[in-house]
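# Reading the structure
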Amino acid sequence: VTLPVMVSVPTTSTSPSPNEVAPAPTLTSCRGLQLSELVPNPVGVDTDEFIEVLNGSDEDVPAAGCSVWTSATRKYVLADDHLVLRGGRIVLKKAQTKLTLNNGGTTVRLLDVDGTEIDRTTYAAAPEGQSWSLIAGTWKWTTLLTPSDTNQLRLPPPKPVTTRKVTPARVRASAQPAVPVALPVIQDLDSGDRVSVRGIITTPVGALGATMSYIQAEDGAVAISIPNDLPALHVGETVRVTGTVRLKQGRRYVAVSAKGLTVTAPSQTVEPLNVQTDDIGTDQADRLVEVRGVVSLASGNSIEVDDGSGPTTIYLKSSTGIVKPKVKAGDTVRAIGIVSVSTSGVRVLPRSQDDLHVEHVLGVATTSAAPAIVAASNPRQALWYWLTAMLGGAVVGAKPAWRALRKKRTEQL
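Residues numbered from 1 in each chain as written. Predicted model: local features only at pLDDT ≥ 70, side-chain atom pairs only at ≥ 80, totals over all residues. Heavy atoms only, no water.

### Describing the overall build of the protein chain
Using the following cut-off: Counting from the N terminus, the helices are the DSSP runs of H or I reaching at least four residues and the strands are the DSSP runs of E reaching at least two. Here's how the labels work: a residue is buried when its accessible area is under 20% of the maximum for its type, exposed when over 50%, partly exposed in between, all with a 1.4 Å probe on protein chains only. Contacts between residues were defined by any pair of non-hydrogen atoms, one from each residue, lying within 4.5 Å. Surface accessibility follows the Shrake-Rupley procedure with a 1.4 Å probe radius. Residue values consider only the protein chains on display as shielding.
Scanning the protein chain from N- to C-terminus turns up two helices and 24 strands. In the protein chain, which comprises 413 residues, the proportion classed as buried is 46%. Put simply, 58% of the contacts in the protein chain that link residues at least 6 apart link residues at least 24 apart. With an accessible surface of roughly 22,600 Å², the protein chain has 55% of that area assigned to carbon and sulfur atoms.

### Focus: the layout of surface pockets
Selection criterion: Grid spacing is 1 Å over the protein atoms alone, the probe is 1.4 Å, and a cavity is where that probe fits but cannot get out, while a pocket is an open set with protein on both sides within 12 Å along at least five of seven lines and lining residues have an atom within 4 Å of a point. Grid points are joined across faces, edges and corners, and a volume is the space filled by probe spheres set on the points. When residues are sorted by character, Ala, Val, Leu, Ile, Met, Phe, Trp, Tyr, Cys and Pro go into the nonpolar class, Asp, Glu, Lys and Arg into the charged class, and all the rest, Gly among them, into the polar class.
In this structure, the second largest pocket spans a volume of roughly 510 Å³. Contributing to the lining of the second largest pocket are 28 residues, with Gly 105, Thr 106, Thr 107, Glu 304 and Thr 313 lying nearest its centre. Those elements giving two or more residues to the lining of the second largest pocket turn out to be β8 (106-111), β9 (117-123), β19 (288-299), β20 (302-306), β21 (311-315) and β23 (345-349). Class assignment for the residues of the lining of the second largest pocket results in ten nonpolar, 14 polar and four charged.

### Topic: the sheet that holds strand β5 (residues 75-77)
Put simply, the rule is: Paired strands, in this sense, are two strands between which DSSP finds at least two bridges. Between the N-to-C directions of two axes lies an angle of 0 to 180 degrees, each axis being a line fitted to C-alpha atoms and, for a helix, fitted only over the stretch in contact.
Pairing is antiparallel in the open sheet, where four strands are placed in the order β5-β4-β8-β9. Single-partner strands in this sheet number two, and they are β5 and β9. Across the sheet, the mean angle from the axis of one strand to that of its neighbour is 15°, orientation sign disregarded. In this sheet, β8 lies alongside strand β4 (residues 67-69) in antiparallel orientation, the contact comprising three bridges. Residue pairing in the sheet places Trp 69 in a bridge with Arg 109 of β8.

### Points about the sheet that holds strand β10 (residues 131-135)
Ordered in space as β7-β2-β1-β10-β11, the five strands form an open sheet in which the pairing is antiparallel. Whereas interior strands pair on both sides, the edge strands pair on one side only; in this sheet they are β7 (89-93) and β11 (138-142). For this sheet, the mean inter-axis angle between neighbouring strands, taken without regard to orientation, is 30°. As judged from the five bridges shared by strand β2 (residues 50-55) and β7, these two strands associate in the antiparallel manner. Note on β7: the bridge partner recorded for Ile 51 is Leu 92.

### Quick look at the state of the cysteines
Selection criterion: By convention in this document, the label disulfide applies to cysteine sulfur atom pairs within 2.5 Å.
Counted under the stated rule, the structure contains one disulfide. One disulfide in the model links Cys 30 with Cys 66; its S-S distance is 1.8 Å. Here the residue Cys 30 occupies a position in the segment before β1 (33-39), and Cys 66 occupies one in the loop between β3 (61-62) and β4, the gap between them amounting to 36 residues. Of the residues examined, Cys 30 reaches a relative accessible area of 0% and is grouped as buried.

### Concerning unusual backbone geometry
Even without being glycine, Lys 98 reaches a positive phi, approximately 65°. With respect to the element layout, Lys 98 can be found in the loop between α1 (94-97) and β8. Positive phi outside glycine occurs at Ala 136, with the angle close to 55°. In this fold, Ala 136 is placed in the loop between β10 and β11. For Ala 136, a relative accessible area of 81% puts it in the exposed group.

### Some details on the confidence of the model for the protein chain
Just so we agree on the cut-off: A residue's pLDDT is the predictor's confidence in that residue, given on a scale from 0 to 100.
Looking at the protein chain, pLDDT values average 81 and 76% of them are 70 or higher. Throughout residues 162-175 the model reports pLDDT below 50, and contacts reaching past four residues in sequence, or to other chains, amount to 28 contacts. Contacts from residues 363-378, a stretch scored under 50 in pLDDT, to residues over four places away or in other chains number 23 contacts.

This is the structure:
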């Protein structure tokens, strides 16, 4: 008698049992990557800006999901096909990322997939045609741009001593009299040189420093330090200043000599130079400017604003007595102030409370001044402004409807 044989065949189903928990997907990590080179101010147009990321680890790193940030709101997320081989580099060009590197200085950050900060670097005013590069573990400016290659240090040639109207030959106070120079020449002179300059007072003495003021002309501007025993000065007066060139925080100023200041013309209206936020930099150093932009970050005495061209920082010095208004991301701030370029970075310094105007996201300004009209010649700035205005209008319009709905529900109860 032949008995049937029962064969047990194992199933191949991969369906989890009701009590089985599927494992959570693991995030890839970009650890091992670091910022390597930035070119904020290339020669010619700024469309040639780029950011280089280096894999300094011993393993290949999948960079998908990593993000590069140039401000609190501007970022670029690396795509899925970004695999950085060990020791390799990827170059992120502006045309690809749409990120703007502020010529006046900013902080660039590299974040992991989970938002953890991996690396950051901060630069001040960017010299034209130079690269902010990580060389032997230290960030330095170099004239040699090396996208996708090893960074190398090459310093710019020394500036010639010859200037526009004068050959500065270390005119010392004890040796020769002061030499008349144009304001832009001051930054090319040596500390200790004796000079005579002429300009219009733009800042009350002491507003931005104990004895400091600023003068400007059509071709430039400079800070001046005034002795306490000199007569009071007024904004708008034209003065002839004689003094000694000094250096402080990387910027030269003129320390006025005793009896070294003469008012040559009465007070007149001083109009600030209207500039885009991304253009704030060394070209406007010590000059009175006006900027207007949407708040992206407000921390301490600093307010970062962006008009769509790139961010800049407004800084409120305690010596001005300015009370910082309540601002938040999305508000619009208009500020008049002096462009400060120093080792602390590039900032716009308002002189008094009247220099600062805030237009909140709901459209209510903190001052009685009417909001400035956005120039139609700047489409990006206009679009930025009108999007903010439309959002504020939508919020204001929704309030009455919400109140009516709450009242109706209360009556029903």
